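# Coordinates in review
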Amino acid sequence: MKQLQIITIIFGLFFASKISAQFAKLNQYNISWNSQSKNAGASMPCGGGDVGLNVWVEGNDLFFYVARSGTFDENNALLKLGRLRLTLRPNPFANGHFRQELNLKDGSIYISNGEKNTTNIHIWVEVKQPVIHLDVKSKEAISAILYYENWRYKDHIVKGKENNENSYKFAPQGIITTHKDEVSFNENKIVFYHRNESPTVFDATVKEQGLDSVKNELFDPLKNLTFGGFVQGKNMIADNTSMGKYLNTPYRAWALKTKHKSKKIEVQIGLCTGQYIYQSLWNESLNQLSNDISKENNSIIWDKNKNWWQQFWERSFIIIDPSKQNIDTGVWSAGRNYQLFRYMLACNAYGKYPTKFNGGLFTTDPVLVDSNYIFTPDFRNWGGGTFTAQNQRLIYYPMLKSGDYDMMQSEFNFYNRLLKTAEIRSEVYWQHPGACFTEQLEDFGLPNPSEYGWKRPLNYDKGMEYNAWLEYLWDTDLEFCNMILETKFYNNSDISKYLPLIKSCLTFFDAHYQYLARKRGRKILDANGHLVLFPGSACETYKMTYNSSSTIAALKTVLQHLLELPDSYFQKNEKEKWQAMLHRIPPISFRMVNGHTTISPAAAWERINNVESPQLYPVFPWGIYGVGKPNLDTARNTWFYDTTVIKNKSFVGWKQDNIFAARLGLTKAAEKLELEKIKNGPNRFPAFWGPGFDWTPDHNWGGTAMIGLQEMLLQTNGKKIYLFPAWPKDWDVHFKLHAPYATVVEGTLTNGKLIDLIVSPKSRKADIVNLLTHKNGN
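Quick summary incoming for the structure in this document. (Residues numbered from 1 in each chain as written. Predicted model: local features only at pLDDT ≥ 70, side-chain atom pairs only at ≥ 80, totals over all residues. Heavy atoms only, no water.)

### Overview of the overall build of the chain
Our working definition: Starting at the N terminus, helices and strands are each numbered in turn, a helix being any DSSP run of H or I of at least four residues and a strand any DSSP run of E of at least two. Throughout, radius of gyration means the C-alpha value; the globule benchmark is 2.2 Å times the number of residues raised to the power 0.38. Exposure is judged per residue with a 1.4 Å probe applied to protein chains only, and the accessible area is read against the type maximum: over 50% gives exposed, under 20% gives buried, and values in between give partly exposed. Pairs of residues are marked as contacts when any of their non-hydrogen atoms sit within 4.5 Å. Only the protein chains shown count as cover for residues, and all accessible areas are computed by the Shrake-Rupley method using a 1.4 Å probe. For the charge count, each Lys or Arg is scored as positive and each Asp or Glu as negative, with His and the chain ends excluded. The atom standing in for a charge is NZ when the residue is Lys, CZ when it is Arg, CG when it is Asp and CD when it is Glu.
A count of helical and extended segments in the chain gives 19 helices and 32 strands. Against the 2.2 N^0.38 benchmark of 28 Å for 778 residues, the chain shows a C-alpha radius of gyration of 27 Å, consistent with a compact globule. C-alpha extents for the chain along the principal axes are approximately 85 × 70 × 55 Å. The burial tally for the chain puts 64% of its 778 residues in the buried class. By sequence separation, contacts in the chain at least 24 residues apart represent 69% of the contacts at least 6 residues apart. As displayed, the chain offers around 29,200 Å² of accessible surface, 51% of which is attributable to carbon and sulfur atoms. Looking at the chain, you have 88 positive and 76 negative side-chain charges, and the mean spots of the two groups are 3 Å apart.

Encoded structure:
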């Protein structure tokens, strides 16, 4: 018995020392500043659960914006919940001593007056409930004034390009108004909220798209949506209101002040969002949250929060140059910025809505992104409630190899909620089954109304977007279907509730292209018994395609992965149905370029619109070609010789070329593109990239950077796990990544040698292939 206890203690000490060493490496990635910020553009992210803050100190005052997932107004703008400003007296920062640090290990921000260290501010967000904590400790008694600043204190008419923040975008219909919030003192609290008024953009879109007859069956997330919260503090009382202006935006402030000087100040901001028939019901929910907070022990909640973040960082990491010998190089920064962006994604781990590609929860004043955009902090380009699928997918792919399966549910549930609406579209417009999801998709499941087209030819197909870029582009939903299937293969997740979604998305393609063929003539299949995927689209680039290779790769891969599921996921004889559909999918097309066989974007197309390279989508995301897979030379030829691919290569924004290069095992190209992509962004916080093609911080920029680094380190083919398929031999790294069959791979590469390898389960170690000795100079 004693021997067992000794072994247990030794094992515990070993495990604790290992975790401690890992966190020591993580700590080198903390962001710390020794000077205050010029403005909100030089802010630092902080968050948890589904709440994001932009935190900065300016003019000796602490500021932070508050954002939360799902706060959509009547026009589908994603509204901020306000800005907080804290003034301390005497002011600890007035003498110039200052330090602000994002501590990744516990997910929070610490601010102090530097070397003097007489005043310490701690900002953190609870992961499990929407509560923000602002804690101040001082060695001497101080007083404080806390301002809640709101720029929606009156109705605001949205004009011109400012409508890009909402779903009307470039084609507003009539006068578009952001309605005012309600803000008031409630005893010694500040209570604030926005409640959507009718009609909303949902109502306008339903009418525009001819769906009034089925309106009551459609999902409407905007009706009666109410969001806001309260600000309260121990030893704080209501003060007064005042007017002010930050950058170009006027605001009204409601202030709380300390009753008397104190060495300790504790502030809580509680948030509440939901669809409430009556405003009084929202009030009750908010009061319940306030009551719950009053009963809780802050130290216990903080410990639980720290544990969540500890488990998050233990789950996966990529630490490059862990000995920190070359901190000023792009290589070391690549590891740091990877970790920083993963932190940003975790701030919306459990949002009702997916992390938005165009800024996530961390947008600030738009004039700091583009001096021509003199709009309010609610602005972001490409809309608030509009989810562009090609962009959204890039945020969620890296969560597979990082093992963040719980964080993927927001995206999966987004599509699952909209399944009925997508199926109703097919039934109403074409009288056939299947879910039709479009590319620029509103949070209520219909195409963005302006992209759909307010002015359309009289007899144009009502189910179609009248849009040169988006017409016939409806295959991106298959990428999310495949992600769901991958979570089954990676983590053995129960995906039963998503099976109707996957099957309905596949059914749409089978039914719709037979429907279109039937409209053209007697035959619904080609001479080989294949579907004729015309008209189609290869991303937004190759338009009016005949058998788009990206669509074919998508259908083949999703069907094959569906058929790999256990029989328990199917009804009797159902697998035969999907096997028959798989046989109806046409083959990918090829073409000769300078004597080299390459993947063709499609069998034929009418025009080129955009700058994507869908001929390489069979490489990523679909994985038909890659390291250790057949016909790799064909895919490499496409990279090297296709003139459009060459022309379109870039690291900016959502561009995937770093991922393509990694998947093709092209180490030199992957290294160059990855270092360009993942280098420090133009803002003070290194992972605030953008605006790229979208907005700042550009989350699909960060997503592609993460994917690229992961693919350089680890790729799979069936049960084979390839290590370092495109990894420079001189990049020292300590990594922990996930792979299919519930596998976790942790390794340390030092001076070109794999000196430590831990694989769980141990049986999977036999499937590891170390490619370091197989480099061919590519």
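### Digging into empty space enclosed by the protein
As a reminder of what qualifies: Detection works on a 1 Å grid of protein atoms alone, calling trapped sets that fit a 1.4 Å probe cavities and calling open sets with protein on both sides within 12 Å along at least five of seven lines pockets, with lining residues defined by an atom within 4 Å of a point. Grid points are joined across faces, edges and corners, and a volume is the space filled by probe spheres set on the points. Any residue that is not Ala, Val, Leu, Ile, Met, Phe, Trp, Tyr, Cys, Pro, Asp, Glu, Lys or Arg is counted as polar, Gly included; the first ten are nonpolar and the last four charged.
A full pass over the atoms with the stated rule returns five cavities of 30 Å³ or more. Taken as a whole, the largest cavity spans an internal volume of roughly 70 Å³. Ser 69, Gly 70, Phe 72, Leu 78, Asn 348, Tyr 353, Pro 354, Thr 355, Lys 356, Gly 360, Leu 361 and Phe 387 together form the lining of the largest cavity. Here the residues of the lining of the largest cavity are counted per class, giving six nonpolar, five polar and one charged.

### Some remarks on the pairing of strand S14 (residues 225-233)
For the record, the criterion: A pair of strands is labelled paired if DSSP reports no fewer than 2 bridges between them.
For S14, the tally of buried residues reaches nine of nine residues, placing the bulk of the element in the interior. Here S14 shows two buried faces, one formed by Leu 225, Phe 227, Gly 229, Val 231 and Gly 233 and the other by Thr 226, Gly 228, Phe 230 and Gln 232. The pairing of strand S13 (residues 189-195) with S14 spans six bridges and is classified as antiparallel. Of the residues in S14, the one forming a bridge with Phe 192 is Gly 229.

### Brief notes about the sheet that holds strand S27 (residues 714-717)
We apply this condition: As a rule, the C-alpha atoms of each element are fitted with a line to give its axis, helices using only the stretch in contact, and angles between N-to-C directions run from 0 to 180 degrees.
Here we have three strands laid out as an open sheet, ordered S27-S28-S32, and mixed in their pairing. In the strand order of this sheet, the two ends are held by S27 and strand S32 (768-770), each with one partner. Neighbour to neighbour, the strand axes of the sheet diverge by 25 degrees on average, direction disregarded. Note: strand S28 (residues 720-723) against S32, three bridges, orientation parallel. Bridge pairing in S32 places Tyr 722 opposite Val 769.

### Overview of the nonpolar core
Under the convention used in this document: In this description, a nonpolar core means a group of buried Ala, Val, Leu, Ile, Met, Phe, Trp, Tyr and Cys residues linked to one another through side-chain atoms lying within 4.5 Å.
Residues Leu 53, Ile 111, Val 231, Leu 506, Phe 685 and Trp 727 are the most contacted members of the largest nonpolar core, which totals 205 residues. Leave out the neighbours within four places in its chain, and Phe 685 touches Ile 31, Trp 33, Ser 43, Met 44, Pro 45, Leu 102, Leu 340 and Met 344. In this structure, Ala 40, Phe 63, Tyr 147 and Tyr 246 belong to the second largest nonpolar core, which totals eleven residues.

### A few points about the pattern of salt bridges
Definition in use: Just to be clear on terms, a salt bridge is a Lys or Arg side-chain nitrogen sitting within 4 Å of an Asp or Glu carboxyl oxygen.
Under the counting rule described, the total for this entry stands at 27 salt bridges. Two residues, Arg 315 and Asp 406, come together in a salt bridge whose shortest N-O distance is 3.9 Å. Of this pair, Arg 315 sits in helix H4 (residues 298-315) while Asp 406 sits in the loop between helix H7 (398-401) and helix H8 (409-417), and the two are 91 residues apart along the sequence. Residues participating in the shared-partner salt-bridge network are Asp 61, Arg 83, Arg 85 and Glu 149.

### Thoughts on the layout of surface pockets
Of the pockets and cavities examined, the largest pocket occupies roughly 740 Å³. What lines the largest pocket is a set of 31 residues, among which Glu 486, His 561, Trp 622, Lys 629 and Thr 716 lie closest to the centre. Those elements that place two or more of their residues in the lining of the largest pocket are H7, helix H11 (477-491), helix H13 (549-563), helix H19 (699-713) and S27. Broken down by element, the residue count for the lining of the largest pocket peaks at five residues, all from H11. Taken together, the residues of the lining of the largest pocket break down into 14 nonpolar, eleven polar and six charged.

### As for helix H12 (residues 499-520)
Worth spelling out the cut-off: In a helix, the anticipated span is given by 1.5 Å times the number of residues less one.
Over its 22 residues, H12 extends 32 Å from the first C-alpha to the last, a length consistent with the 32 Å expected when each residue adds 1.5 Å. Burial within H12 is extensive, with 18 of its 22 residues counted as buried.

### Details of the pairing of strand S29 (residues 733-739)
Counting buried positions over the seven residues of S29 gives seven, a clear majority of the element. Relative to S29, strand S18 (residues 317-320) runs antiparallel, the two sharing four bridges. Looking at S29, one finds that Ile 320 is bridged to Val 733. As paired elements, S29 and strand S30 (residues 743-750) share seven bridges and run antiparallel to each other. The residue bridging Lys 736 from the neighbouring strand is Glu 746, located in S30.

### A look at helix H14 (residues 574-584)
Note the cut-off: The arc in question is the one traced by the directions running from the helix axis out to the C-beta atoms.
Within H14 the residues assigned to the buried category are Glu 574, Trp 578, Met 581, Leu 582 and Arg 584. Buried positions in H14, seen along its axis, are confined to an arc of 160 degrees and lie on one side of it. Those residues of H14 that are buried lie in contact with H12 and H13.

### Considering the side chain of Thr 71
The following threshold applies: Two N or O atoms count as a polar contact when they lie within 3.5 Å, although within protein this holds only if one can serve as hydrogen donor and the other as acceptor, and sequence-adjacent residues are included solely when both atoms are side-chain atoms.
Within the fold, Thr 71 resides in the loop between strand S4 (61-68) and strand S5 (82-89). A polar contact is formed between the side chain of Thr 71 and the backbone oxygen of Arg 68, at a distance of 3.3 Å. A distance of 2.7 Å separates the side chain of Thr 71 from the backbone oxygen of Leu 79, its partner in a polar contact. Here Thr 71 is in contact with Ala 77, Leu 78, Leu 79, Leu 81, Phe 227 and Thr 273, once residues within four sequence places are set aside.

### Some thoughts on the sheet that holds strand S31 (residues 753-760)
Pairing is antiparallel across the open sheet formed by four strands, whose spatial order is S18-S29-S30-S31. At either end of the open sheet lies a strand with only one pairing partner, and these are S18 and S31. Averaged over neighbouring strand pairs, the angle between their axes works out to 15 degrees when direction is ignored. Running over the sheet, helix H5 (residues 330-346) touches S18 and S29 and is turned about 160 degrees from S18.

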